[in-house]
Amino acid sequence: MATTLAGKTVLVVGGTSGIGYGVAEALAAQSAIVIVASSTQSKVDGAVQRLQKIAGEGAKVSGATVDARDEQSIKALVEGVGEVDHLVWTCGDLEMVGIHFPNIDSAVAKRAFDVRFWGAVYAAKYTKIKTGGSIVLTHGSSQMKPAKSWSVPAGVCGSVDALARGLAVDLAPIRVNAVAPGAVLTEMWDSIPTDMKNALLKGAAEQSLAKRVGTPQDVAEAYVFLMKCGFITGNTIHVDGGSMLV
Ligand SMILES: NC(=O)c1ccc[n+]([C@@H]2O[C@H](COP(=O)([O-])OP(=O)(O)OC[C@H]3O[C@@H](n4cnc5c(N)ncnc54)[C@H](OP(=O)(O)O)[C@@H]3O)[C@@H](O)[C@H]2O)c1
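Residues numbered from 1 in each chain as written. Predicted model: local features only at pLDDT ≥ 70, side-chain atom pairs only at ≥ 80, totals over all residues. Heavy atoms only, no water.

Student: Talk me through the overall build of the protein; I want residue IDs and the actual numbers.
Tutor: Helix and strand counts for the protein stand at seven helices and seven strands. When the helices and strands of the protein are read in sequence order from the N terminus, they spell out β-α-β-α-β-α-β-α-β-α-β-α-α-β. For 246 residues, the compact-globule estimate of 2.2 N^0.38 gives 18 Å, and the protein sits close to it at 17 Å. Principal-axis analysis of the C-alpha atoms places the extent of the protein at approximately 45 × 35 × 35 Å. Looking at the protein residue by residue over its 246 residues, the buried ones come to 48%. Accessible surface computed for the protein: about 11,800 Å², of which carbon and sulfur atoms make up 57%. Each charge class in the protein can be summarised by its mean position, and for the 22 positive and 22 negative side chains these summaries are 3 Å apart. (Helix = DSSP H or I, 4+ residues; strand = E, 2+ residues; numbered from the N terminus. Rg over C-alpha atoms; globule rule 2.2 N^0.38 Å. Buried < 20%, exposed > 50% of the residue type's maximum accessible area, 1.4 Å probe, protein only. Areas by Shrake-Rupley, 256 points an atom, 1.4 Å probe, with all protein chains shown as cover. Lys, Arg positive; Asp, Glu negative; His and termini not counted. Charge placed at Lys NZ, Arg CZ, Asp CG, Glu CD.)

Given below as structure tokens:
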């Protein structure tokens, strides 16, 4: 019988925008119990309202705030939510100044690990996952194919990739996997000037076999699969339009 996520409880940290929102949308449509979390109350409220409109029969949608840079805030979030079937970690912050090697600002470069790597470590440490459940982390294709000057973000991605494998060993039989997106059109890109954004996205589309950038819906399919398939752990799915082959 096909596995279903209906009735499963899933905490999506970073679920108020972009890829995480795409995952939350897929879950709500599949009648799961979805909790979206991020740092901004208005984004949490807005995401919950939008998700409630598309929720399938039996789905439940709620939200919470968390500062994913802060261990105690993550602990309070997951203790407040209680036991879940799956934890999805898509939250990430992007600082575009001070991150380009060799012109790095060390404080910015070190901060790049706070949410994506250390936040994921603390979430995995404190979240109570039910038997048969899983964790899905997020990194990116720059781990395998870094763009010029992108050594530090590539390092963040590589550390999360290795973290997923380490946690798969430490938390077994809880499964732990990751998704590595290529360029995906999300709100993340709004933080950079429009001209630069358009040029980067055009370049990313050209540097792929799909000849386009991804959508949150494209990538959400990988998270759904990793939650549903009980025989995959310690793995990464690359959803990048074939950019490794160009
Ligand atoms: N989009 C791409 O092209 C792409 C490609 C490869 C990898 N990725 C990675 O995929 C992940 C998701 O990216 P995205 O494009 O979906 O980004 P996004 O649209 O900017 O979403 C990021 C989410 O993280 C939350 N967040 C950020 N800082 C937080 C904090 N300190 N505490 C709690 N929540 C926080 C944001 O909400 P608040 O603002 O409310 O906190 C938001 O919900 C990131 O790690 C990104 O690096 C993205």
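After presenting the structure, the write-up continues.
Student: Tell me about the site of the ligand, residues and numbers included.
Tutor: Residues in contact with the ligand amount to 28 residues; listed here are only the nearest, Ser 17, Ser 38, Ser 39, Thr 40 and Thr 186. Between the ligand and the protein, one listed contact pairs a nitrogen atom with a side-chain N or O atom of Asp 67 at 3.4 Å. Within the backbone of Val 184, a nitrogen or oxygen atom sits 2.8 Å from an oxygen atom of the ligand. Isolated, the ligand exposes 880 Å² of accessible area, and the fraction of that covered by the protein chains is 89%. Sorting the residues of the shell around the ligand by element identifies helix H1 (18–29) and helix H4 (106–126) as the ones contributing at least two each. (Near = heavy atom within 4 Å. Polar contact = N/O pair within 3.5 Å; in protein donor to acceptor, adjacent residues only side chain to side chain.)

Student: Now, about unusual backbone geometry: what can you tell me, with residues and values included?
Tutor: Of the consecutive residues Phe 101 and Pro 102, the connecting peptide bond is found in the cis state with omega at 5°. Note on placement: Pro 102 falls in the loop between strand S4 (84–89) and H4. Omega for the peptide link from Ala 172 to Pro 173 comes to 15°, which places this bond in the cis form. Relative to the helices and strands, Pro 173 resides in the loop between helix H5 (151–171) and strand S6 (175–181). Residues other than glycine seldom take positive phi values, yet Ser 31 does so here, at roughly 65°. As for its placement among the helices and strands, Ser 31 is situated in the loop between H1 and strand S2 (33–38). Under the relative-accessibility criterion, Ser 31 is labelled buried at 16%. The residue Lys 211 is not glycine, and still its phi comes out positive at about 60°. Inspection of the secondary structure puts Lys 211 in the loop between helix H6 (194–206) and helix H7 (216–228).

Student: Describe the layout of surface pockets, listing the residues and the values that go with them.
Tutor: In this structure, the second largest pocket encloses a volume near 170 Å³. Along the walls of the second largest pocket sit 14 residues, with Lys 8, His 86, Gly 132, Gly 133 and Met 227 positioned nearest its centre. Elements with a minimum of two residues in the lining of the second largest pocket: S4, strand S5 (129–138) and H7. Ranked by the residues each element gives to the lining of the second largest pocket, the list is headed by S5, at three residues. (1 Å grid on protein atoms, 1.4 Å probe; cavity = no way out; pocket = protein on both sides within 12 Å on 5 of 7 lines; lining within 4 Å. Points joined across faces, edges and corners; volume = space filled by probe spheres on them.)

Student: Any chance you could break down the packing of aromatic side chains for me, citing the residues and the numbers?
Tutor: In this structure the tally under the stated criterion is two aromatic pairs. Taken together through their ring pairs, the aromatic side chains of Phe 117, Trp 118 and Tyr 122 make up a single cluster. The ring centre of Tyr 21 lies 4.2 Å from the NZ or CZ of Arg 50, which sits over that ring. (Phe/Tyr/Trp six-rings, centres within 6.5 Å; stacked < 30°, edge-to-face > 60°. Lys NZ or Arg CZ within 6 Å of the ring centre and 35° of its normal.)

Purely geometric stuff here, so don't read any function into it on its own.
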